[in-house]
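Results of the structural survey
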Amino acid sequence: GAVVSQHPSWVICKSGTSVKIECRSLDFQATTMFWYRQFPKQSLMLMATSNEGSKATYEQGVEKDKFLINHASLTLSTLTVTSAHPEDSSFYICSARVTGNQPQHFGDGTRLSIL
Amino acid sequence: AQSVTQLGSHVSVSEGALVLLRCNYSSSVPPYLFWYVQYPNQGLQLLLKYTSAATLVKGINGFEAEFKKSETSFHLTKPSAHMSDAAEYFCAVSDPTNLFFGTGTRLTVIP
């Protein structure tokens, strides 16, 4: 149980395009979903927290207009990287949680490469 | 504020040897603690969690961790390392909202 599916797993695109990443909780309803960014050989950096039906809460230094997050249902959250540039290339990981101090369950990540 | 410190960014053990990955936490409230494992190009998989019940927590793949309040530690152990254990391991502490990760420990298993 507690499976989180993230799609796509790998995307390569040209600079200036927008990329959408989906995060789905397959067998549970996620009140809260999280988006992380991970640089090579580093830990996860929390980008934003989203609660279903509410606006996402972004961490300091994360551009809201650059990284659009939508959490339209209890099983789906999307991250759209708008007008992507090479510096946006990274590994993006989502996670989902039912409530409170329940563990976060992670997707397999999306490797984004901007040419 | 919650935080964790993982001692040792790299740990190497021989196959069959004891695995010990260290984690110390700082928390202003009774902590919820987690260990996650990450394989290359994958997300994180929950190994085990401590949520104020038994201090010795058993997880998947033969791993366990002991919560020691007096030492503010939550070290991860496995009696006998297997080649498939080679991965990145993250300790984390949570507050009601977020997880706070350590910087990770890369475990290498030597045949």
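One numbering rule holds for all chains: residues counted from 1, following each sequence as written. Chains carry letters from A onward and ligands carry numbers from 1 onward, assigned in written order. Since the coordinates come from a predicted model, pLDDT governs what is reported: local features require at least 70, and pairs of side-chain atoms require 80 or more to be given and counted, while whole-chain, interface and lining totals use all residues. Think of the side-chain values as coming from all heavy atoms in the structure, minus any hydrogens and water.

**Points about the packing of aromatic side chains**
Aromatic ring pairs are reported here in terms of the distance separating the ring centres and the angle at which the planes meet. Our working definition: Ring pairs are drawn from Phe, Tyr and Trp, using the six-membered ring of Trp, whenever the two centres fall within 6.5 Å, and their geometry is named by plane angle: stacked under 30 degrees, edge-to-face over 60, tilted for the rest. Counting from the N terminus, the helices are the DSSP runs of H or I reaching at least four residues and the strands are the DSSP runs of E reaching at least two. Burial classes: relative accessible area under 20% of the type maximum marks a residue as buried, over 50% as exposed, and values in between as partly exposed (1.4 Å probe, protein chains only).
Applying the stated criterion across every chain, the model contains 13 aromatic pairs over all chains. A ring pair is formed by Tyr36(A) and Phe101(B), whose centres lie 5.7 Å apart and whose planes are at 80°; its orientation type is edge-to-face. Taken together, the positions of Tyr36(A) in strand β4 (residues 32-38) and Phe101(B) in strand β10 (residues 99-101) put the pair across two chains. With a relative accessible area of 1%, Tyr36(A) lands in the buried category. Between Phe63(B) and Tyr89(B), the aromatic rings sit 5.5 Å apart at their centres with planes inclined by 50°, giving tilted as the arrangement. Of this pair, Phe63(B) sits in the loop between β6 (56-58) and β7 (64-68) while Tyr89(B) is found in strand β9 (residues 87-94), placing the two residues 26 residues apart along the sequence. For Phe63(B), a relative accessible area of 1% puts it in the buried group. The class for Tyr89(B) is buried, based on a relative accessible area of 0%.

**Side note on the sheet that holds β6(B)**
Residue and element names in this part refer to chain B. Note the following rule: Strand pairing is defined by DSSP finding a minimum of two bridges between the two strands. Note on definitions: angles span 0 to 180 degrees between N-to-C directions of axes, and those axes are lines fitted to C-alpha atoms, for helices only across the stretch in contact.
In spatial order, the strands read β1-β3-β8-β7-β6; together these 5 strands make up an open sheet with antiparallel pairing. Strands at the two margins of the open sheet, each flanked by one partner only, are β1 (3-7) and β6. Looking at each pair of strands side by side, their axes are set apart by 20° on average, direction ignored. Sheet analysis places β1 next to strand β3 (residues 19-26), joined by 5 bridges and oriented antiparallel. Bridged to Val-4 within β3 is Tyr-25.

**Observations concerning the nonpolar core**
One recurring pattern in soluble globular proteins is that nonpolar side chains are buried together. Heads up, the rule is: We call a set of buried Ala, Val, Leu, Ile, Met, Phe, Trp, Tyr and Cys residues a nonpolar core when their side-chain atoms join them within 4.5 Å. Should any heavy atoms of two residues lie within 4.5 Å, those residues are counted as being in contact.
Counting 26 residues, the largest nonpolar core has Trp35(B), Leu48(B), Phe74(B), Leu76(B) and Tyr89(B) as the members making the most contacts within it. Sorting the residues of this core by element identifies β2 (10-14), β3, β4 (32-38), β5 (44-50), β7, β8 (73-78), β9 and β11 (105-110) of chain B as the ones contributing at least two each. Residues in contact with Tyr89(B), not counting those within four places in the same chain, are Gln6(B), Leu21(B), Trp35(B), Tyr36(B), Val37(B), Leu47(B), Phe63(B), Leu76(B), Gly104(B), Thr105(B) and Leu107(B). Counting residues in each nonpolar core, the second largest holds 25 residues, with Val4(A), Phe28(A), Ile69(A) and Val81(A) among its members.

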